[in-house]
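A structural walkthrough
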Amino acid sequence: LVAIVGESGSGKSTLLNLIAGLDQPDAGRITIGGQDLATLDDDACTRLRRARLGFVFQSFHLLPGLTAIENVMLPAELAGDPEAAAKAAAALKEVGLGNRLRHYPAQLSGGEQQRVAIARAFIMAPKLLLADEPTGNLDHHTGQRIADMLFRLNHDRGTTLVLVTHDQALAERCQHVYRLQDGNLVAA
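Attention here is on the structure that accompanies the text.

Re the environment of P75
By secondary structure assignment, the location of P75 is in helix α3 (residues 68–78). In this structure P75 comes out as partly exposed when scored by relative accessible area, which is 21%. The spatial distance from the C-alpha of P75 to the C-alpha of L18 is 20 Å, given a sequence separation of 57 residues. Sequence-distant contacts of P75, that is, excluding residues within four places in its chain, are made with R50, R120, I123 and M124.

Section: the nonpolar core
Formed by 40 residues in total, the largest nonpolar core has its most connected members in V72, L92, V95, V116, I118, F151 and L161. Residue assignment for this core shows that the elements contributing at least two residues are β1 (2–5), α3, α4 (84–94), α5 (110–122), β5 (128–132), α6 (140–157), β6 (160–164) and α7 (168–172). Once residues lying within four places of it in the same chain are set aside, the contact partners of I118 are V56, V95, I146, L150 and L153. Among the nonpolar cores identified, the runner-up in size contains 20 residues, and A20, I30, L128 and L130 belong to it.

Digging into α5
Compared with the 18 Å implied by 1.5 Å per residue over 13 residues, the 19 Å span of α5 between its first and last C-alpha is a close match. Where burial is concerned, most of α5 is hidden: twelve out of the 13 residues are buried. What α5 keeps buried is the set G111, E112, Q113, Q114, R115, V116, A117, I118, A119, R120, A121 and F122. The inward-facing, buried residues of α5 abut β4 (53–56), α3, α4, β5 and α6.

Some words on the pattern of salt bridges
Close approach of charged atoms allows side chains with opposite charge to pair. Scanning all chains against the criterion turns up six salt bridges. E112 is the partner of R100 in a salt bridge, and the nearest nitrogen-oxygen pair spans 3.2 Å. A residue pair is termed long-range when its members are at least 10 positions apart, and R100 in the loop between α4 and α5 and E112 in helix α5 qualify at twelve residues. When its relative accessible area of 19% is taken as the criterion, R100 is described as buried. Salt-bridge contacts for R173 lead to D148; the nearest nitrogen and oxygen are separated by 2.9 Å. Here the residue R173 occupies a position in the loop between α7 and β7 (176–181), and D148 occupies one in helix α6, the gap between them amounting to 25 residues.

Here's the deal with the pairing of strand β8 (residues 184–187)
By the bridge criterion, three bridges tie β7 to β8 in an arrangement that is antiparallel. Along β8, the bridge assignment pairs Q181 with N184. A loop of two residues connects β7 with β8, the two strands running antiparallel in sequence, and D182 in this loop sits at a positive phi of about 50 degrees.

Some points on the pairing of β7
Here β1 runs beside β7; their pairing, made up of four bridges, is parallel. Paired with V5 across the two strands is R179, which belongs to β7.

Some thoughts on the environment of L48
Mapped onto the elements of the fold, L48 is located in helix α2 (residues 42–52). On the basis of relative accessibility, which here comes to 14%, the residue L48 falls in the buried class. Distance in space between the C-alpha atoms of L48 and L37 is 8.9 Å, their sequence separation being eleven residues.

Procedures and definitions
Residues numbered from 1 in each chain as written. Predicted model: local features only at pLDDT ≥ 70, side-chain atom pairs only at ≥ 80, totals over all residues. Heavy atoms only, no water. Helix = DSSP H or I, 4+ residues; strand = E, 2+ residues; numbered from the N terminus. Buried < 20%, exposed > 50% of the residue type's maximum accessible area, 1.4 Å probe, protein only. Contact = heavy atoms within 4.5 Å. Core = buried A, V, L, I, M, F, W, Y, C linked by side-chain atoms within 4.5 Å. Expected span 1.5 Å × (residues − 1). Salt bridge = Lys/Arg side-chain N within 4 Å of Asp/Glu carboxyl O. Pairing = 2+ DSSP bridges.

As structure tokens, then:
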């Protein structure tokens, strides 16, 4: 469990994008599972992300024309998993949305949309889950429930969780806290 904290504009989200291979570093190396991301072409990087990473975006990134189950099963379908629908239904049940499978994002509350995003991030059983302000757009109570769910799934599935947060209480629940300032690590 790793928290990355810092002021707005300090480089937290950029760091997650670098780790995920969505952005390329100007210097240095990023390796995931021993694989240097700089040596991979776009297709290989996508395959690595699909096989090893989950990403929970701050703004959820749900596709509005797809139902909750369709949003969750999308990564598994892209990977050619014939069990995509069953896995998506199980993932939604695990995050407490087993009765909301056929609802579109606009029909879900912010907390429910975030839970759909978490289910989608976990469907491929990632070794590494990156979460960018997973509770930032939610009220305190809903944010607490989402945080509890992330930590439970992290524990139950043995996934490494790296989360960016402004919430000091959330950061303190993590095993390691790293503070960024102006793109530099200033405290660990």
